[in-house]
Amino acid sequence: MKRRIRILLIEALVIGVAVSCLGGVVLCENALRLPADMRSTPRAGFGFPVEIQAADGIPLRASWFPPRDPGAPVVVLLHGVADSRHGFAGIIAMLQRNGFGALAPDSRGHGISGGDQFTFGLKEVGDLNRWCDWVEKSSPGSKLYGLGESMGSGTLLQASGPGTRFRAVVAESPFATFWMVANHRVGQLVGFASTPFVAGAFVYARLRYGLSFSDASPLKQVSKPGIPILLIHGAKDENIPIEHSRVLAAANPTRIQLWEVPDGDHVDASVRAPVEFERRVIAFFRAN
């Protein structure tokens, strides 16, 4: 009887490991790519088209909205998963009427930028550095700021450590670590058993693509000395819960401000509270 129980336990363990591994493969492959029909097409007249090349050779494309006055500040805008540069139309108008220029790239694997994968900051930080190089050459003397949403805000925060070119960054609905947000999102689908699937996906990503998602951690960077950060997060965000921003803010309260938007959902502060959003963001940039 005891031997039979041991065999059943071993079989259950083997099945559990196999299911976790298979689930991790499926999870990873789906998380790294957008379906082709979700990638946006260019919109005529949306800024000046710009193209550069990433370190791995893929083309990166953006829309450039030069500052009204030479040397005026410029904001680099980074969108979230399944969005594109066009999602920033309203914020670009806000920045322009306040005298700021803007660069709005399509992230790798999104819009009309190249690549068939996105990596939640692991490669996007390098892409962002190349965009900063471009802005510094195209608008010499301009102070450089960043504003990101969701995945884009996670990328900005991962690029906010020592050596950054930004004077300050605004991050709306960021994740604290990719491990935390992956567990939350998978947990919404499978419940409390999310951790084995996420662990399997992390192992598969490392073995198959050389991607160490444990390093996709804004929390690591914001815990260090660095530039001022304004976090914006909706109190009712179910995509990336507000606890992520609270964890980030608590890690370095002298460096980080947090605006919690009552009744706010995922990256909707500029629509839900447009006057307050503009007041806070513009004042924050001007103060830094």
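To be clear, the structure that these remarks concern was listed above.
The present account deals with the structure reproduced in this document. As the structure is a computational prediction, the values presented were derived from the model and not from experiment.

## Description of the overall build of the chain
- Scanning the chain for helices and strands turns up 10 helices and 8 strands.
- The burial tally for the chain puts 49% of its 288 residues in the buried class.
- Sequence separation of at least 24 residues holds for 75% of the intrachain contacts in the chain that already meet a minimum separation of 6.
- Per element, the accessible surface of the chain, about 13400 Å² overall, is 59% carbon and sulfur.

## What about helix α4 (residues 151–158)?
- The buried fraction of α4 is high, at 8 of 8 residues.
- Turning to α4, its buried residues are Met-151, Gly-152, Ser-153, Gly-154, Thr-155, Leu-156, Leu-157 and Gln-158.

## Comments concerning the packing of helix α3 (residues 124–138) against α4
- As a packed pair, α3 and α4 sit with axes 9 Å apart at the nearest point and diverge in direction by 75 degrees. By the angle class used here, α3 and α4 are roughly perpendicular. Packed against α3, whose contacting residues are Glu-124, Val-125 and Leu-128, the element α4 presents Thr-155, Leu-156 and Gln-158 at the interface.
- Looking at the contact of α3 with α4 residue by residue, the class counts come to 3 nonpolar, 2 polar and 1 charged.

## Focus on the nonpolar core
- Core analysis: the largest hydrophobic core is formed by 31 residues, its most contacted members being Leu-128, Leu-157, Phe-166 and Leu-231.
- Elements with a contribution of two residues or more to this core: β1 (48–53), β2 (59–65), β3 (74–78), α3, α4, β6 (168–172), β7 (229–234) and α8 (243–251).
- If we ignore the near neighbours within four places in the chain, the residues touching Leu-128 are Val-76, Leu-78, Thr-155, Leu-156, Ala-159 and Phe-166.
- Grouped together as the second largest cluster of nonpolar side chains are 27 residues, Ile-91, Ile-92, Phe-100 and Ala-273 included.

## With respect to the pairing of strand β8 (residues 256–261)
- Here β7 runs beside β8; their pairing, made up of 6 bridges, is parallel. Pairing of Leu-230 across the sheet is with Gln-257, part of β8.
- Once the chain exits β7 it traverses α8 before rejoining the sheet at β8, and the crossover so formed is right-handed.

## Looking at unusual backbone geometry
- A positive phi angle is found at Ala-82, which is not glycine, with a value near 70 degrees.
- Considering the arrangement of structural elements, one finds Ala-82 in the loop between β3 and α2 (89–97).
- Phi at Val-267 is positive, roughly 45 degrees, even though this residue is not glycine.
- The class of Val-267 is partly exposed, set by a relative accessible area of 23%.

## Let's talk about the sheet that holds β3
- Within the open sheet, the 8 strands sit side by side as β1-β2-β4-β3-β5-β6-β7-β8. Their pairing is mixed. With one partner strand each, in any of the chains shown, β1 and β8 form the two edges of the open sheet. Adjacent strand axes in the sheet meet at a mean angle of 20 degrees when their direction is disregarded.
- When β3 meets strand β5 (residues 144–149), the two strands line up parallel, connected through 5 bridges.

## Considerations on the side chain of Arg-255
- Looking at where Arg-255 falls in the secondary structure, it is placed in the loop between α8 and β8.
- Of the side chains bearing the opposite charge, Glu-136 lies closest to the buried Arg-255, which forms no salt bridge; the N-O distance is 16 Å.
- One polar contact links the side chain of Arg-255 to the main-chain carbonyl oxygen of Ile-227, over a distance of 2.7 Å.
- Excluding its chain neighbours within four sequence positions, the residues that come into contact with Arg-255 are Ser-160, Gly-161, Gln-221, Val-222, Lys-224, Pro-225, Gly-226, Ile-227, Pro-228 and Ile-229.

## Focus: the packing of aromatic side chains
- In this structure the tally under the stated criterion is 15 aromatic pairs.
- Ring geometry for Phe-202 and Phe-213: centres 5.9 Å apart, planes at 50 degrees, overall tilted. With a gap of 11 residues between them, Phe-202 in helix α6 (residues 194–209) and Phe-213 in the loop between α6 and α7 (218–222) connect regions that are remote in the sequence.
- By relative accessible area, which is 5% here, Phe-213 ends up buried.
- Through a chain of ring-to-ring contacts, the aromatic side chains of Phe-118, Phe-120, Phe-175, Phe-178, Trp-179, Phe-202 and Phe-213 assemble into a single cluster.
- Sitting above the plane of the Phe-46 ring, Arg-43 keeps its charged end 5.6 Å from the centroid.

Conventions adopted
- Residues numbered from 1 in each chain as written.
- Predicted model: local features only at pLDDT ≥ 70, side-chain atom pairs only at ≥ 80, totals over all residues.
- Heavy atoms only, no water.
- Helix = DSSP H or I, 4+ residues; strand = E, 2+ residues; numbered from the N terminus.
- Buried < 20%, exposed > 50% of the residue type's maximum accessible area, 1.4 Å probe, protein only.
- Contact = heavy atoms within 4.5 Å.
- Areas by Shrake-Rupley, 256 points an atom, 1.4 Å probe, with all protein chains shown as cover.
- Axes fitted to C-alpha atoms, helices over the stretch in contact; angles between N-to-C directions.
- Parallel < 35°, antiparallel > 145°, perpendicular 65-115°, else oblique.
- Nonpolar A, V, L, I, M, F, W, Y, C, P; charged D, E, K, R; others polar.
- Core = buried A, V, L, I, M, F, W, Y, C linked by side-chain atoms within 4.5 Å.
- Pairing = 2+ DSSP bridges.
- Right-handed = clockwise from strand over helix to strand, strands pointing away.
- Lys, Arg positive; Asp, Glu negative; His and termini not counted.
- Salt bridge = Lys/Arg side-chain N within 4 Å of Asp/Glu carboxyl O.
- Polar contact = N/O pair within 3.5 Å; in protein donor to acceptor, adjacent residues only side chain to side chain.
- Phe/Tyr/Trp six-rings, centres within 6.5 Å; stacked < 30°, edge-to-face > 60°.
- Lys NZ or Arg CZ within 6 Å of the ring centre and 35° of its normal.

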